[in-house]
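Chain by chain, the residues:
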Amino acid sequence: MIIVEHLAKAAGPEQVPVLRDVGFRMESGEMIGLLGASGSGKTTLLRCLALRDKWDKGNFRIDGADILGGGFGAKRKISREWAFLEQNSELNKERTALKNVLIGQAAQTPWWRRLTGVVRTDDYMGAMDELERLGLLDKAKMKTGQLSGGERQRVAIARALVHGAKVILADEPVTGLDPKSAQSVLETLMTLCKETGLTVVAVLPLELAEKYSTRMWVLDKGVIKHDVTGRRLTGAERAGLI
Ligand SMILES: Nc1ncnc2c1ncn2[C@@H]1O[C@H](COP(=O)(O)OP(=O)(O)OP(=O)(O)O)[C@@H](O)[C@H]1O
């Protein structure tokens, strides 16, 4: 169980409040669509959860462990088990899909292997397994610069999974993709949530959030104004989103 309480964050030289009092409980296997008007704080929320941005206030617990007050070990849990997929995922376009996925293992790889570039057979097999699971086995040896946007997103997901991600925070993972690629990325995430207990929080357009997520959060003025499970948003809940 992941519990966030009273998360507050201000940004910029004027320290304008962006997140005022965000709170939620989240279980493993949930796929959450994060919605909100432009500037409502969606990216900031994801960045705070990934500990890329410092929290001004709040409590963050995972299975009872205090993440913010728990020192290096607790924060390391986030860096090891939570992946943040940014709007333009940081893949190296000159490298193959396989190499990009293997980079995901760098954190678990001893320094001398990183230095010598020697890849363990089980690392290689693990990377190939993830690429296969994401339907990319035949693209493993292609440079990611030659792949479609949807395929690149799936490489980024494979890299996160090989890294051991239990939670994926994805900022607009399907923006700029054609409908078929967007569908394939979201179906992949949905299946992983159902079958492996992966938890996803993704900034999505409303119609895709309603189709693919199990739960939706509507951010407004720095709080989660609506937290909806198992149904579409009502007219009042979607006001201001589109
Ligand atoms: N480093 C910063 N300095 C100044 N203002 C910031 C900073 N980071 C975020 N903000 C402000 O906080 C607000 C929320 O930004 P954020 O990027 O989280 O919104 P968003 O909901 O993701 O927006 P969009 O849908 O347009 O991407 C915006 O008004 C933004 O200008």
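Residues numbered from 1 in each chain as written. Predicted model: local features only at pLDDT ≥ 70, side-chain atom pairs only at ≥ 80, totals over all residues.

- As annotated in an unreviewed UniProt entry, the protein chain carries the name Phosphonate ABC transporter ATP-binding protein and is attributed to Paenibacillus stellifer.

### Thoughts on the overall build of the protein chain
Then step 1. Helices and strands together make up the secondary structure of the protein chain, namely 9 helices and 10 strands.
Then step 2. Taking 2.2 N^0.38 as the reference for a compact globule, 242 residues should give roughly 18 Å; the C-alpha atoms of the protein chain span a radius of gyration of 18 Å, in line with that estimate.
Then step 3. Each principal axis of the C-alpha distribution contributes one length, and for the protein chain these read about 50 × 45 × 35 Å.
Then step 4. Taken across its 242 residues, the protein chain has 38% of its residues classed as buried.
Then step 5. The contacts in the protein chain between residues at least 6 apart in sequence include a share of 71% that link residues at least 24 apart. (Helix = DSSP H or I, 4+ residues; strand = E, 2+ residues; numbered from the N terminus. Rg over C-alpha atoms; globule rule 2.2 N^0.38 Å. Buried ≥ 20, exposed ≤ 12 C-beta atoms within 10 Å, placed from the backbone. Contact = placed C-beta atoms within 7 Å.)

### So, the sheet that holds strand 4 (residues 57-62)
Then step 1. Strands sit in the order 2-1-4-5 across an open sheet of 4 strands; the sheet is antiparallel. Here the strands that pair on one side only, and so sit at the sheet edges, are strand 2 (16-26) and strand 5 (65-66).
Then step 2. Pairing of strand 1 (residues 2-11) with strand 4, which is carried by 5 bridges, proceeds in the antiparallel orientation. Residue pairing for strand 4: Ile-3 is matched across the bridge by Arg-61.
Then step 3. Sitting on the sheet, helix 1 (residues 42-49) is in contact with strand 1 and strand 2, with an inclination near 60° to strand 2. (Pairing = 2+ DSSP bridges. Axes fitted to C-alpha atoms, helices over the stretch in contact; angles between N-to-C directions.)

### Some points on the site of the ligand
Then step 1. As a structural note, the neighbourhood of the ligand is formed by Ala-11, Gly-12, Val-18, Gly-36, Ser-38, Gly-39, Ser-40, Gly-41, Lys-42, Thr-43 and Thr-44.
Then step 2. No other element matches the 3 residues that helix 1 contributes to the shell around the ligand.
Then step 3. Here the residues of the shell around the ligand sort into 2 nonpolar, 8 polar and 1 charged. (Near = placed C-beta within 6 Å. Nonpolar A, V, L, I, M, F, W, Y, C, P; charged D, E, K, R; others polar.)

### Some details on the nonpolar core
Then step 1. Counting 64 residues, the largest nonpolar core has Val-101, Ala-158, Ile-168, Leu-169 and Val-200 as the members making the most contacts within it.
Then step 2. Looking at this core element by element, the count peaks at 7 residues for helix 6 (residues 149-162).
Then step 3. Those residues in contact with Leu-169 that lie beyond four places of it in its chain are Leu-46, Leu-49, Ala-50, Trp-82, Phe-84, Leu-85 and Val-201. (Core = buried A, V, L, I, M, F, W, Y, C linked by C-beta atoms within 7 Å.)

### Details of the pairing of strand 7 (residues 167-170)
Then step 1. Side chains Val-167 and Leu-169 of strand 7 all project onto a buried face; the interleaved residues Ile-168 and Ala-170 project onto the opposite face, where all are buried too.
Then step 2. Inspection of the sheet shows strand 6 (residues 82-85) paired to strand 7 by 4 bridges, in the parallel sense. Within the sheet, the bridge partner assigned to Trp-82 lies in strand 7 and is Val-167.
Then step 3. Relative to strand 8 (residues 199-203), strand 7 runs parallel, the two being bridged by 4 bridges. Bridge assignment links Leu-169 to a residue of strand 8, and that residue is Val-201.
Then step 4. One crossover worth recording links strand 7 to the parallel strand 8 by way of helix 7 (residues 179-196), and it is right-handed. (Right-handed = clockwise from strand over helix to strand, strands pointing away.)

### Focus: helix 5 (residues 121-133)
Then step 1. With 13 residues, helix 5 extends 18 Å from end C-alpha to end C-alpha; this agrees with the ideal 18 Å at 1.5 Å per step.
Then step 2. Those residues of helix 5 not exposed but buried are Ala-127, Glu-130 and Leu-131. On an axial view of helix 5, the arc spanned by its buried residues comes to 100°, and they lie on one face. Exposed residues lying more than 90 degrees from the buried face of helix 5 are Thr-121, Asp-122 and Met-125.
Then step 3. For helix 5, the secondary structure elements touched by its buried residues are helix 3 (97-103) and helix 6.
Then step 4. Downstream of helix 5 by a residue or two, Gly-135 has a phi angle that is positive, lying close to 70°. (Expected span 1.5 Å × (residues − 1). Arc of directions from axis to C-beta.)

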